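# Topology and contacts: notes
Below are the chains, spelled out letter by letter.
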Amino acid sequence: MEAWVTPNLVESLAGVIDVAIALANADFGNIQLRDSEGRLRIIAQRNLPDWWLAYWESVAEGKGVCGTALAESRPLFIPDVAQSPIFADQASLEIQQRAGIRAVFSIPIRDKGGECIGMFSTHYR
């Protein structure tokens, strides 16, 4: 991860996730930032199992909900992962279901110029 991603930043972002989980009545949450290759990398999270984090550690544009939101440059809500074409015939569906995740909402994080620099996601049982 980039050198500017400090422990203090990660701790602060984890606090933001806590607030978002409470406000959105979500069960899990994470924040990803784009690395130098443009891939999304989880830098802060709450309540997600280690094996789930390992699977989604690096996400390319167009993969999963967050990667699709990145590719489409818009917020994306998937109310049922089992019914979403994003997960059809993908190993990622089993990963989501194993973690107890049924719905996902991913929102792009943009810089002042409007460029997507990351993704904020909440997950629901």
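## A word on the side chain of Gln96
- Mapped onto the elements, Gln96 comes out in helix α4 (residues 91-98).
- Not counting residues within four places of it along the chain, the set of residues in contact with Gln96 comprises Trp52, Trp56, Val81, Phe87, Ile101 and Val104.

## Section: the pattern of salt bridges
- Scanning all chains against the criterion turns up seven salt bridges.
- We note a salt bridge from Arg125 to Asp27, for which the minimum N-O separation is 3.5 Å. In this pair, Arg125 sits in the segment after β6 (116-124) while Asp27 sits in the loop between α1 (7-24) and β1 (28-34), placing the two residues 98 residues apart along the sequence.
- Taking relative accessible area as the criterion, Arg125 reaches 62% and is therefore assigned exposed.
- For Asp27, a relative accessible area of 23% corresponds to the partly exposed category.
- In this structure, the salt-bridge partner of Glu72 is Arg74, at a minimum N-O distance of 2.8 Å.
- On the basis of relative accessible area, Glu72 is assigned to the partly exposed category, the value being 40%.
- What you see here is one network of salt bridges that share partners, running through Asp35, Arg41 and Glu57.

## With respect to helix α3 (residues 64-72)
- In terms of residue burial, α3 counts as a mostly covered element, since seven of its nine residues are buried.
- Buried residues of α3: Gly64, Val65, Cys66, Gly67, Thr68, Ala69 and Leu70, and no others.
- In the core, the buried residues of α3 are packed alongside β1, β2 (40-46), β3 (58-59), β4 (76-78), β5 (103-110) and β6.
- One or two positions beyond α3, positive phi appears at Ser73, with a value near 55°.

## Considerations on the packing of aromatic side chains
- Per the stated rule, a full pass over the model turns up three aromatic pairs.
- Ring geometry for Trp52 against Trp56: centres 6.1 Å apart, planes inclined by 45°, an arrangement best described as tilted. As far as the burial class goes, Trp52 and Trp56 line up, both buried.
- On the numbers, 5.0 Å between centres and 80° between planes, the contact of Tyr55 with Trp56 is edge-to-face.
- The class of Trp56 is buried, set by a relative accessible area of 7%.
- Members of the aromatic cluster, joined through ring pairs, are Trp52, Tyr55 and Trp56.

## A few points about the pairing of β2
- Direction of pairing for β1 relative to β2: antiparallel, over a ladder of six bridges. Note on β2: the bridge partner recorded for Ile31 is Ala44.
- Hairpin connection, β1 to β2: the antiparallel pair is bridged by five residues, and Gly38 has positive phi, about 85°.
- Where β2 lies against β3, two bridges are found, and the strand directions are antiparallel. Looking at the pairing, Arg41 lines up with Ser58 of β3.

Rules of the game
- Residues numbered from 1 in each chain as written.
- Predicted model: local features only at pLDDT ≥ 70, side-chain atom pairs only at ≥ 80, totals over all residues.
- Heavy atoms only, no water.
- Helix = DSSP H or I, 4+ residues; strand = E, 2+ residues; numbered from the N terminus.
- Contact = heavy atoms within 4.5 Å.
- Salt bridge = Lys/Arg side-chain N within 4 Å of Asp/Glu carboxyl O.
- Buried < 20%, exposed > 50% of the residue type's maximum accessible area, 1.4 Å probe, protein only.
- Phe/Tyr/Trp six-rings, centres within 6.5 Å; stacked < 30°, edge-to-face > 60°.
- Pairing = 2+ DSSP bridges.

Coordinates in, geometry out; function isn't part of it.
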